[in-house]
Amino acid sequence: MSDLSTREKIHPGTAPGEDIALEIVGDGDFATTDMTLSIGPAHPATHGVFRIVLELNGERITAARPVIGYMHRGFEKLAEYRDFRQIKALVNRHDWLSGFSNELGVALVVEKMLEMEVPDRAQWIRMLIAEWNRVLNHLMFVGSFALELGAITPMFYAFRERDEIQYLLEAATGGRLHFTYNQVGGLKLDLPKGFLAESVRLSKLTQERLPDYFDLVLGNEIFQARTVGVGPLPPEVALSFGVTGPTLQAAGVPEDSRVTEPYLKYDEVDVPVHLGENGDSFDRFACLLYRIQYSLHIIDQIHDHLPAGPVNTKLPKMVKAPEGAAYQRIENPLGQLGYWLESDGGRTPWRLKMRTPSFSNVQSIPYLLEGMLVPDAISVLGSVFFVVGDIDR
Amino acid sequence: MAGVLARRDRALNPEETEALLREHLGEQVLGSVVEFGTFTCKLAPEGWVEAARLARDEPQLAYDLFDSLFGVDAREEGFDVVAVLYSTSTGNRLVLRTRVPGGRDAPRLASITEIYRGADWMERETYDMFGVVFDGHPGLEPRILTVENFEGWPLRKDFHLASRAAKPWPGVKEPAELDEDGNVIERVPEIGDAPGPYELDKAMAAQAKAVIEQERVEREERERKAAERAAKAAERQARKEAKARAAAEAAAAKAAAAEADADQQPASSDEEDGA
Amino acid sequence: MNVELTASLSPAVFVPAPSAFDLDVAFGITVAIKVAFILALFLVVPLVVGYMEHKAMGRLQHRRGPVAAGPFGTLQLVADGIKFIQKEDVIPAAADRKVFALAPGLALVPAILVFLVLPFGPGVWAVDLELGLFYALAISSVSVLGVMMGGWASANKFSLIGGLRAGAQLIAYELPLILAAIAVAVQAGTLSLVGIVEAQATFTLPGTDLNLWFVFPQILGFVIFFLASLAELSRPPFDMPIADSELVFGYMTEYTGIKFAMYLLTEYAGMVSMSALMVVLYLGGWQLLPGVGLPGCEGAGGMFDCGWLGAIGGVVITLAKILILTFIMVWARVAYPRLREDQLQRLSWLVLVPLSLINLAVIAIAKVVVF
Amino acid sequence: MTGHDVVFLLVALTTAGAGIMTVTSKNLVHAALFLALTLTGSAAVFLVLAADFVALAQLLVNVGAVAVLFLFGLMLTRAPIGREALDGQHRGLAIGVSGGLFVLLSVLIIGAFGGEGVREVTGPGVNEIGIALFAQWVLPFEVLSMLLLAALIGAIVLARRSPGESGTEAEPTHIELSGDPSTEAERRPELTAGGER
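Just so it is clear, the model here is predicted, and its values are computed rather than measured. (Residues numbered from 1 in each chain as written. Chains lettered and ligands numbered in written order. Predicted model: local features only at pLDDT ≥ 70, side-chain atom pairs only at ≥ 80, totals over all residues. Heavy atoms only, no water.)

Please clarify how the overall build of chain D should be interpreted in this entry.
Helix and strand counts for chain D come out as nine helices and zero strands. Each helix (α) and strand (β) of chain D, taken in turn from the N terminus, gives the series α-α-α-α-α-α-α-α-α. Every one of the 197 residues in chain D was classed for burial, and the buried ones make up 27%. Within chain D, counting contacts between residues at least 6 apart in sequence, those at least 24 apart form 55% of the total. Looking at chain D as shown, the accessible area adds up to about 12600 Å², and 72% of this sits on carbon and sulfur atoms. (Helix = DSSP H or I, 4+ residues; strand = E, 2+ residues; numbered from the N terminus. Buried < 20%, exposed > 50% of the residue type's maximum accessible area, 1.4 Å probe, protein only. Contact = heavy atoms within 4.5 Å. Areas by Shrake-Rupley, 256 points an atom, 1.4 Å probe, with all protein chains shown as cover.)

Next comes the structure, spelled out in structure tokens:
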């Protein structure tokens, strides 16, 4: 779908933009002064309240320093004051683009501690909605990344699909961002009548429109010129930072919780994973696009498998997790989301640690930016996918 | 992906992992537990860095993905620091856990940023939330998530939510209520008694307390007045009724007298007034 | 209306009157009407182009564009203009106030001055200079001073980088632009814009009667000129001086209200004047099709010496061609991301400049040998 | 005095004023902007004297390119943003040189044209200029272009440093640091520290 020959010209080890035409550095009379450029907290490229301080020599970045915490809302503390069933209304807010996946993680970890059997139908529906949520999230990033590189159209294309999917999810959950559809032990409600037909239609429609994105963005010469070889992240560095999700898969590491540690019913469906070669911006974006395609593939399989039955279990009047700690990770759209739930046997969690993908992903940004140009910084910021709420929590 | 899963045959099970760790760390491995499918290894703080290095470098372990590092409040004994590691080659997860020396007053632990890059921000966050100082970390300050001049360590249990101190959580599911057996859940503070180091916290609590006290005083005053008014009204009512009753009796007596005296002389007006 | 192919600039700008009271009244009225007409064009055509951009972008992006202001949203830009006038004029505290205030004007004035020489139809031009092409290119190169002044005076780092990029971009693309234009001048044998239109109306393929516009022999030059003018105007995909996702809004970041509107108007006026130059240089001016004259016109290919009908028809044809060219600019904006500054420099110095030199050499040789 | 003379006088006075401002401005960027105004003014002087081609060439080359390059260089290197002043170190020398030049040129020009007033001349058209340049004076023209080429190459040599030279240029840290972050932390402690202080 795209011509990757340009990538081969880039030697895997070279620093990005090394052979640059205008090089204005020097000593004595020709020395240029360094400049500190603060991108953010409110800047178009940070899509959220996030700041990155760049030390510039000309337009070349000599050092980068992310400043986070502007959106810290203390969810981990708040969760300690909530019933186990109430936490889900908190967690679908930290990564506001993947609300369903977040609450799914909490539901799973609580169920794990309660050793609760969740009905099959609920698990399949959870998978269905989670995959739609993934498509929704990735479409947003397809649009916003292209927008950051100056292409305004993919954003509108992405929102065309997003709107329809939003309506679909709204029909089932009643929400557009904060679904609160999961419950401990299952789901709030069963799917509404006609949902599956619409879901099938939308999946088909989106699959038909996907080649547009591959052609318009991935196949675009200028897009390739802006992303190929920009910000390569070697796999061992990515792992050391804890980078996960499409950013890690772009580096060629086959790690996806749905495959390597299947939860729900992911072991009963075929989950393809696209792997990149160089871990550069182009690969990261390609992985994102392929994840949309493969999510739709999974959705199609769920349509065929969805069993009948109840969607929730009767909960005791008092939900008390036994003393101990449990860890559950799921593959969030942006990467691996982990919840560490520790209970002292009471009605509220003793400690709920949210291991969010954006936090670890953003940590790798200073490493990626050093020695790059300002426009490349935008390319990297856009392709190391993060949501600011997910960093700060 | 299939290739990755195939390599998992060589993965060590928890017992083997613990044996391997004990072989290198000896006494510093304090124990281990498998909870809800997660293998947790408890370490002495002296073996913390070495264990992390071992987990990364030992080919049989190969925990290459640094998942997370965070603190847990361990009540009066201080704090625990937990590191979650994952191996992309074996598919195993290892949780390292240690109790930070120094208690609640001066918790200090060695940093593992030398081993895992991702530990940098995670340790900064732990410092920010619990005040655990990591020796060897390139720079814990400025605070990563809270504002720079923030006072106190938010995730410690003795740091109470300012909003919760000022206003109890509405709703019947409130954890601060009595549970079914009628016992108060102890760690949720009473209104206003938050000993949190955060001044605003105290001020807000005091303010809220004052407001509530004021409301209570006013309410009592109102109730007292209302009671007084009610008492007076009742008194008046009683008097009125007594008067009416007396009048009615007098009228009846008069009527009877009139009937009786119908043939006699009419009664004088002075007699009527006296009644 | 007669044709003045050899007028000089000085009599037009500075009337060489021996006595201040000895003015030719008729001449004065003609000049006044022409200037008024050109000013009206200057104010209206960019609005039309702006509206076209709104609507075309909307349709290309699966949306409708403006619909609320006026019929079919036609008054959207007028409403925007009124909004800009009402807005508070904010000047940053650290800014160099005088330079900051002067900069948008300095950018706008050359854009107006270029319109003086653009021929929109038979007889519809303010002045026909012998050096018209040279004049247009020289004047339009001054605009960037206003951009750089604005970028520097805003006391904002994003603005400064935007201004620097604008300067670098102008220097890089001035050369291919002028080299491509020179090739046209060589083929036409004149620098007068009207003369170039006339040369195209009468140019035939050697050995045949086939009338051709210069775009056919100089398709390479046309492409170079088009790309270079996109870069000069900072239009996507060469909009690095603005680069809203990197530099917030480049040199315009700190500007508000009417000053901001002046920068915007400069951009749209630039689109119109560059498109008009391309129409004149390559697309046969107001000629409908190669070899087809205007109704009611005589002289050079049936394009000069026209009545009112021919003049109006000529203006309509020119404007239609301008709209088509500006539509292509909008199309490029919709379809492409932004290049990087160093990639843009490389494109200019390593691709466009050599190609334009080759183009010039080929045309010069052909001029001597074939034409 | 004709209208022509009045226009000439106005333009000339503006130009002279801008020239003075150029050398007396304490702000480098202001000086460069006044230089641009001076050059524009001299273009206008040429225009008044009916030398269209020279005027436009002046505008295109000196204002559109040279002044822009000046500004570019200033902004890229050390010009403070905003209103801060920058004072020169060689004021006396500058006054001496420019005063000397002024006297020299004045003497030469007055000596050559002193007797004649400002008058309109019909200068050669662009055709004549072209023919003169590329037929009669082609050799000096080419020599001049060689000089410019030499200057260009010299500038590139001065500006460009070969990769091996000393300097502060950042080494490509991406290659060396494959697994061990400690080296990076040692080299750039302020980086890993994060945040602003």
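Would you mind showing me how to read empty space enclosed by the protein here?
A water-sized probe, rolled over the atoms, reveals where empty space remains. Residues and elements named next belong to chain C. Taken as a whole and assessed by the stated rule, the structure comprises eight cavities of 30 Å³ or more. Empty space within the largest cavity amounts to approximately 390 Å³. As for the largest cavity, its lining consists of 26 residues, and the residues nearest its centre are Ser140, Ser143, Glu232, Leu233 and Thr266. Of all elements in the fold, only helix H4 (97-115), helix H5 (132-140), helix H6 (143-153), helix H7 (157-188), helix H9 (219-232) and helix H10 (257-282) reach the threshold of two or more residues within the lining of the largest cavity. Looking at the lining of the largest cavity element by element, the count peaks at seven residues for H10. In terms of residue class, the lining of the largest cavity is made up of 17 nonpolar, seven polar and two charged. (1 Å grid on protein atoms, 1.4 Å probe; cavity = no way out; pocket = protein on both sides within 12 Å on 5 of 7 lines; lining within 4 Å. Points joined across faces, edges and corners; volume = space filled by probe spheres on them. Nonpolar A, V, L, I, M, F, W, Y, C, P; charged D, E, K, R; others polar.)

Just to check I follow, could you spell out the pairing of strand S6 (residues 324-332) of chain A for this structure?
Within a regular strand, side chains alternate between the sheet's two faces. All names here are of chain A. The buried count for S6 comes to nine of nine residues, which makes it a mostly enclosed element. The pairing of S6 with strand S7 (residues 335-343) spans nine bridges and is antiparallel. When the bridges of S7 are listed, tyrosine 327 appears paired with tryptophan 340. Connecting the antiparallel pair S6 and S7 is a turn made up of two residues. (Pairing = 2+ DSSP bridges.)

Sorry if this is basic, but what is going on with the interface of chain B and chain A here?
It is common to give the size of an interface as the accessible area lost on bringing the parts into contact. Chain B puts 57 residues into the contact, and the matching count from chain A is 58 residues. Approximately 5100 Å² of surface area, both sides summed, lies buried where chain B meets chain A, with 58% of it carried by carbon and sulfur atoms. In this assembly, chain B and chain A are joined by five salt bridges. Between Glu342(A) and Arg97(B) there is a salt bridge, and its shortest N-O distance comes to 2.7 Å. At the junction of chain B with chain A, the criterion picks out 18 residue pairs in polar contact (both at pLDDT 80 or more). For the side of chain B that touches chain A, the elements supplying multiple residues, two or more each, are helix H1 (2-6), strand S2 (38-43), strand S3 (65-73), strand S4 (79-86), strand S5 (93-99) and helix H4 (119-130) of chain B. Of the residues forming the side of chain B that touches chain A, the biggest block, nine residues, is contributed by S3(B). For the side of chain B that touches chain A, the class distribution of residues is 30 nonpolar, eight polar and 19 charged. (Buried area = accessible area lost by both parts, 1.4 Å probe. Salt bridge = Lys/Arg side-chain N within 4 Å of Asp/Glu carboxyl O. Polar contact = N/O pair within 3.5 Å; in protein donor to acceptor, adjacent residues only side chain to side chain.)

I'm lost on the sheet that holds S3(B) in this one. Help?
In any sheet, the strands associate via hydrogen bonds between backbone groups, in a parallel or an antiparallel arrangement. Residue and element names in this part refer to chain B. One open sheet holds the five strands; their spatial order is S1-S2-S5-S4-S3, and the pairing between them is mixed. Only two strands of the sheet have a single neighbouring strand rather than two, namely strand S1 (29-35) and S3. Across the sheet, the axes of successive neighbouring strands diverge by a mean angle of 20 degrees, strand direction being ignored. Across the sheet, H4 lies against S3 and S4, angled at about 10 degrees from S3, the strand it touches most. (Axes fitted to C-alpha atoms, helices over the stretch in contact; angles between N-to-C directions.)

What is the right way to read the sheet that holds strand S8 (residues 351-355) of chain A from this model?
Residue and element names in this part refer to chain A. Ordered by their spatial adjacency, three strands build an open sheet running S6-S7-S8, and the pairing between neighbours is antiparallel. Edge strands, defined here as strands with exactly one partner in the open sheet, are S6 and S8. The average angle at which neighbouring strand axes cross in this sheet is 10 degrees, direction not considered.

Looking at this structure, how should I read the pairing of S5(B)?
Residues and elements named next belong to chain B. The buried count for S5 comes to six of seven residues, which makes it a mostly enclosed element. Where S2 and S5 come together, five bridges link them in parallel fashion. Looking across to S5, one finds that cysteine 41 is bridged to leucine 96. As consecutive antiparallel partners, S4 and S5 are separated by six residues, and within that stretch glycine 91 has a phi angle of approximately 75 degrees, a positive value.

Please clarify how the environment of Tyr336(C) should be interpreted in this entry.
Along the polypeptide, Tyr336(C) turns up in the loop between helix H11 (308-335) and helix H12 (341-369). According to the relative accessible area criterion, Tyr336(C) is partly exposed, its value standing at 31%. Measuring from C-alpha to C-alpha, the distance between Tyr336(C) and Pro236(C) comes to 7.3 Å, with 100 residues separating the pair along the chain. When residues no more than four places from it in sequence are discounted, the contact partners of Tyr336(C) are Gly150(A), Ala151(A), Asn220(A), Glu221(A), Ile222(A) and Pro237(C).

Looking at this structure, I do not really get the environment of Pro41(A). What am I missing?
All names here are of chain A. Tracing the backbone shows proline 41 in the loop between strand S1 (34-39) and strand S2 (51-57). The class for proline 41 is partly exposed, based on a relative accessible area of 28%. A C-alpha to C-alpha distance of 33 Å links proline 41 and leucine 210, two positions 169 residues apart in sequence. For proline 41, the contacting residues outside a window of four places in its chain are Thr46, Gly48, Val49, Phe50, Arg51 and Tyr70.

Help me understand the packing of aromatic side chains in this model?
The geometry of an aromatic ring pair is captured by the separation of the ring centres together with the interplanar angle, meaning the angle of the planes. A full pass over the atoms with the stated rule returns 30 aromatic pairs over all chains. A ring pair is formed by Phe84(C) and Phe260(C), whose centres lie 5.5 Å apart and whose planes are at 55 degrees; its orientation type is tilted. Of this pair, Phe84(C) sits in helix H3 (residues 76-86) while Phe260(C) sits in helix H10, placing them 176 residues apart in sequence. When its relative accessible area of 11% is taken as the criterion, Phe84(C) is described as buried. A residue is classified by how much of its surface remains accessible, and Phe260(C), at 15% relative accessible area, is buried. The structure contains a cluster of three or more aromatic residues connected by ring pairs, namely Phe145(A), Phe223(A), Phe282(A) and Phe285(A). Its end group placed over the ring of Tyr167(A), Arg176(A) keeps NZ or CZ at 5.2 Å from the ring centre. (Phe/Tyr/Trp six-rings, centres within 6.5 Å; stacked < 30°, edge-to-face > 60°. Lys NZ or Arg CZ within 6 Å of the ring centre and 35° of its normal.)

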